[in-house]
Amino acid sequence: MAELVTRRLLQTQAAAADAALRGGNYAAAFGMYEAQFRLGNPEAGYRLAEIYARGLGVAVDPGKAFAIYRDLAHRGEIGGEHNLGICYEYGVGVPRDDEKAATWYRRAAAQGYPLSLFSLGTLYAAGRIIPQDDVEGLTLLLEAVEQATGEDPTSRYIRDNQARYVGLLMARMTPEAVAKARQQATARIRDGNPTGSQ
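For clarity, every value in this text was computed on a predicted model and none was experimentally measured.

In terms of regular secondary structure, the chain is built from 10 helices and zero strands. When its helices and strands are written in sequence order, the chain yields α-α-α-α-α-α-α-α-α-α. Taken along its principal axes, the extent of the C-alpha atoms in the chain is 55 × 40 × 30 Å. Buried residues in the chain amount to 41% of all 198 residues. For the chain, restricting intrachain contacts to residue pairs at least 6 apart in sequence, the fraction spanning at least 24 positions comes to 49%. If you average the places of the 22 positive and of the 23 negative side-chain charges in the chain, the two averages end up 3 Å apart.

Our focus in this paragraph is unusual backbone geometry. The omega angle of the peptide bond from I130 to P131 is 0 degrees, so this bond is cis rather than trans. With respect to the secondary-structure elements, P131 resides in the loop between helix 7 (114-125) and helix 8 (134-147).

Positionally, D134 belongs in helix 8. Residues D134 and I189, spaced 55 residues apart in sequence, show a C-alpha to C-alpha distance of 18 Å. Setting aside residues up to four positions removed in sequence, D134 forms contacts with Y124, L169, R172 and M173. For D134, the side chain forms a polar contact with the side chain of R172, separated by 3.0 Å.

Glancing now at the pattern of salt bridges. Applying the stated rule across the entire model yields 14 salt bridges. Between E89 and R128 there is a salt bridge, with its nearest N and O atoms 3.5 Å apart. Pair noted here: E89 is in helix 5 (residues 78-90) and R128 is in the loop between helix 7 and helix 8, with a separation of 39 residues, a long-range link. Its relative accessible area of 22% is what places R128 among the partly exposed residues. Here D191 makes a salt bridge to R190, at a shortest N to O gap of 3.1 Å. Looking at D191, the relative accessible area reads 51%, which means it is exposed. Three or more residues joined by partner-sharing salt bridges are found here, namely E89, R96, D98 and R128.

Parameters at a glance
Residues numbered from 1 in each chain as written. Predicted model: local features only at pLDDT ≥ 70, side-chain atom pairs only at ≥ 80, totals over all residues. Heavy atoms only, no water. Helix = DSSP H or I, 4+ residues; strand = E, 2+ residues; numbered from the N terminus. Buried < 20%, exposed > 50% of the residue type's maximum accessible area, 1.4 Å probe, protein only. Contact = heavy atoms within 4.5 Å. Lys, Arg positive; Asp, Glu negative; His and termini not counted. Charge placed at Lys NZ, Arg CZ, Asp CG, Glu CD. Polar contact = N/O pair within 3.5 Å; in protein donor to acceptor, adjacent residues only side chain to side chain. Salt bridge = Lys/Arg side-chain N within 4 Å of Asp/Glu carboxyl O.

Written as structure tokens, this is what we have:
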């Protein structure tokens, strides 16, 4: 019963914080999100990181955004893992590091997070993962687009952008390698093993 009351209180406070953010009352939103995040509300953490990253009522501080995403990832939040990948890929709050970006994308992708499958595939397509593995890159992109079936912004983004990266990979792959990637993607989807982990 106490857990239900706490959950409803957090939901009410989240709605108030969201309204403050939409209304441009950044100081109020910041305070509410910060308090909720300390109470363990991961959604508040994502919004707080966005406030720091975009400088909404506070100085832009990518380092603090990164620290929040790291905290979320260590709490087991898939979105936190994915966002750490973004931070490392683009140098947000940390030096750019493709190897670390791939590590964090792979962790989230292993749990079936479509945007991480896509992001990891794009790193392969761009030749930013060593050793280069075009079959793996195409496999990941095919898996991502197979999962991107909804009308949510993430699914639309994947569907709208995957053709370019698939084209980059297929242009340098043999027909046999393309067929192998298709077979791998089909097997991973069937087996519920997005990254082919053992």
